[in-house]
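Coordinates in review
This is what each chain is made of:
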Amino acid sequence: MKKYKYCLTAFLTLLVLFVCPLRAQAAWTPQPLPASGVDTVFGDSRYLDPAWMSKKVTISYRGHTWVTGMDAFRDMPVRLTNANGAIHCTFLKKDVFEAYFSAINAELSTLTAQEATPLFDNGAGTYIRQSGQLHYEAVSTMPDWLAQMLCNLILTGSCSDISQELTDALLTPVQDAGTVTTSADFVLAGSCTTSFKTSNANRSSNIRLGASRLNNLVILPGQTVSVSDVLLPRTRANGYKEAGVYMNGVHTTGLGGGVCQISSTVYNAVKNAGLTVVERKAHSMPVSYLPKGLDAAIAAGVKDLRFRNDYSAPVVMYTDTSDKQLTVNVVVWNQDLAGRSFKLWAKQTGSLSADTYFTTYQDGREVSTVFVGTSRYLPYREAGDED
């Protein structure tokens, strides 16, 4: 009898062990989203499958791997909206993704370091060379890629790990600090100088810092450069300080004040060198360092100066900030210029407007002048001024 009681007890114990986990592992059911969507975090198990917290992201490069658990993304803010019964997830911040790829790039820079090779050499005495080492990093869009991958998986209801090998297409070359030298047949094609002698210490610091990031910049044939991207986000972590900025139609203070003087000076230099400007926007109010119609504003995510090299050879940009004067010079292969030179200029059409023109010369003689556009400005206002 005792033997049967023992068997029954053991059977019931096993039954409890099997049944209880089954109950604990019951299928997860999401809570319906509010009609207008909701701002929450990635780890909110009311709407997003908690199984995500056990998944991993693996990035690899030639046998080296970098793994992070998705629970590291738990507190990242997201916006969830209804997409025909599925959940569309938008990451409102990508700082954790960016930190993950920054750590990867730090190791990649060591893994891929190599002595610099000529950046351009036609084998006949024409060259561009840079001192220092070359290394590779993951392209800057990888954090956006990861956010999009997660969005797509959530949308399809596929809760799974993410793996990606860093192929050549997902890597970008980075030249360590060094000096770019060119052969004598690369000539000064475009230049512009503006003064910041009246700027305070913070604004002057921002101009020197930003200009240094454009110095020795090599723009390859067909390459489009975003000045905002090259200057890096205007944050304290990137070395920028509080100084005067134009914001919402008034003059106030903000991080990175002064960088628009850099973009404006670059605008004139690259146009005078014959490069193609694909995006330029005027300031909301006139600036003091250039005539109306010749400025170029930048504001993260809103305004940028972007230009493209349509020559057959790379061009090189040099900057100098000595004596509180910002000078931007652009050198171009003389063979690409073929006797041409260029000039960007503007004609004031009113107290707050100007028309901009671009003239091309051949061997010093004007061959064409084209209308670039009209710039219109608001009257200058300080923050706090009465309307």
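Coordinates for the structure precede this section.
Residues numbered from 1 in each chain as written. Predicted model: local features only at pLDDT ≥ 70, side-chain atom pairs only at ≥ 80, totals over all residues. Heavy atoms only, no water.

1. A few points about the overall build of the protein
Scanning the protein from N- to C-terminus turns up 7 helices and 24 strands. Here the C-alpha atoms of the protein give a radius of gyration of 28 Å, more than 25% beyond the 21 Å that 2.2 N^0.38 yields for 387 residues. Overall, the C-alpha framework of the protein stretches about 115 × 65 × 40 Å when taken along its three principal axes. In the protein, once contacts between residues fewer than 6 apart in sequence are set aside, the share between residues at least 24 apart is 65%. Total accessible area computed for the protein in this model is approximately 20,500 Å², and 53% of it derives from carbon and sulfur atoms. Put simply, the protein has 34 plus and 33 minus side-chain charges, and the middle of one group is 6 Å from the middle of the other. (Helix = DSSP H or I, 4+ residues; strand = E, 2+ residues; numbered from the N terminus. Rg over C-alpha atoms; globule rule 2.2 N^0.38 Å. Contact = heavy atoms within 4.5 Å. Areas by Shrake-Rupley, 256 points an atom, 1.4 Å probe, with all protein chains shown as cover. Lys, Arg positive; Asp, Glu negative; His and termini not counted. Charge placed at Lys NZ, Arg CZ, Asp CG, Glu CD.)

2. What about the pairing of strand S24 (residues 365–376)?
In this structure, strand S23 (residues 353–362) lies alongside S24, joined through 10 bridges in antiparallel fashion. Across the sheet, residue Thr 356 finds its bridge partner in S24, namely Gly 373. (Pairing = 2+ DSSP bridges.)

3. Description of the side chain of Gln 261
The topology assignment puts Gln 261 in helix H6 (residues 259–272). Since its relative accessible area comes to 1%, Gln 261 is described here as buried. In terms of polar contacts, Gln 261 uses its side chain to reach the backbone carbonyl oxygen of Ser 195, at 2.9 Å. Setting aside anything within four residues of it in sequence, one finds Gln 261 in contact with Thr 194, Ser 195, Phe 196, Arg 203, Ile 207, Tyr 289 and Leu 326. (Buried < 20%, exposed > 50% of the residue type's maximum accessible area, 1.4 Å probe, protein only. Polar contact = N/O pair within 3.5 Å; in protein donor to acceptor, adjacent residues only side chain to side chain.)

4. Some thoughts on the side chain of Asp 295
Topologically, Asp 295 is positioned in the loop between strand S18 (276–279) and strand S19 (306–308). Asp 295 sits in the buried class, given a relative accessible area of 1%. Within the structure, the side chain of Asp 295 is placed 2.8 Å from the side chain of His 283, a separation counted as a polar contact. Setting aside chain neighbours within four positions, we find Asp 295 in contact with Ser 264, Tyr 267, Arg 280, Lys 281, Ala 282, His 283, Val 287 and Tyr 377.

5. What to know about the pairing of strand S5 (residues 86–91)
Here S5 shows one buried face, formed by Ile 87, Cys 89 and Phe 91, and one open face, formed by Ala 86, His 88 and Thr 90. Sheet analysis places strand S4 (residues 77–83) next to S5, joined by 6 bridges and oriented antiparallel. The partner of Arg 79 across the bridge, within S5, is Thr 90. Where S4 folds back on S5, the antiparallel hairpin that results is connected by 2 residues, among which Asn 84 adopts a positive phi of roughly 55°.

6. A word on the pattern of salt bridges
Where charged atoms of side chains with opposite charge meet at close range, the side chains can pair. Scanning the model with the defined rule gives 8 salt bridges in all. A salt bridge links Arg 306 to Glu 279; its shortest N-O distance comes to 2.9 Å. On the criterion of sequence distance, the pair formed by Arg 306 in strand S19 and Glu 279 in strand S18 is long-range, its members being 27 residues apart. Judged by relative accessible area, which is 31%, Arg 306 ranks as partly exposed. Classification of Glu 279 by relative accessible area gives buried; the value is 17%. Residue Arg 280 is joined to Asp 295 by a salt bridge in which the shortest nitrogen-to-oxygen separation is 3.4 Å. Of this pair, Arg 280 sits in the loop between S18 and S19 while Asp 295 sits in the loop between S18 and S19, and the two are 15 residues apart along the sequence. On the basis of relative accessibility, which here comes to 22%, the residue Arg 280 falls in the partly exposed class. Three or more residues are tied together by salt bridges with common partners; here these are Glu 279, Lys 281 and Arg 306. (Salt bridge = Lys/Arg side-chain N within 4 Å of Asp/Glu carboxyl O.)

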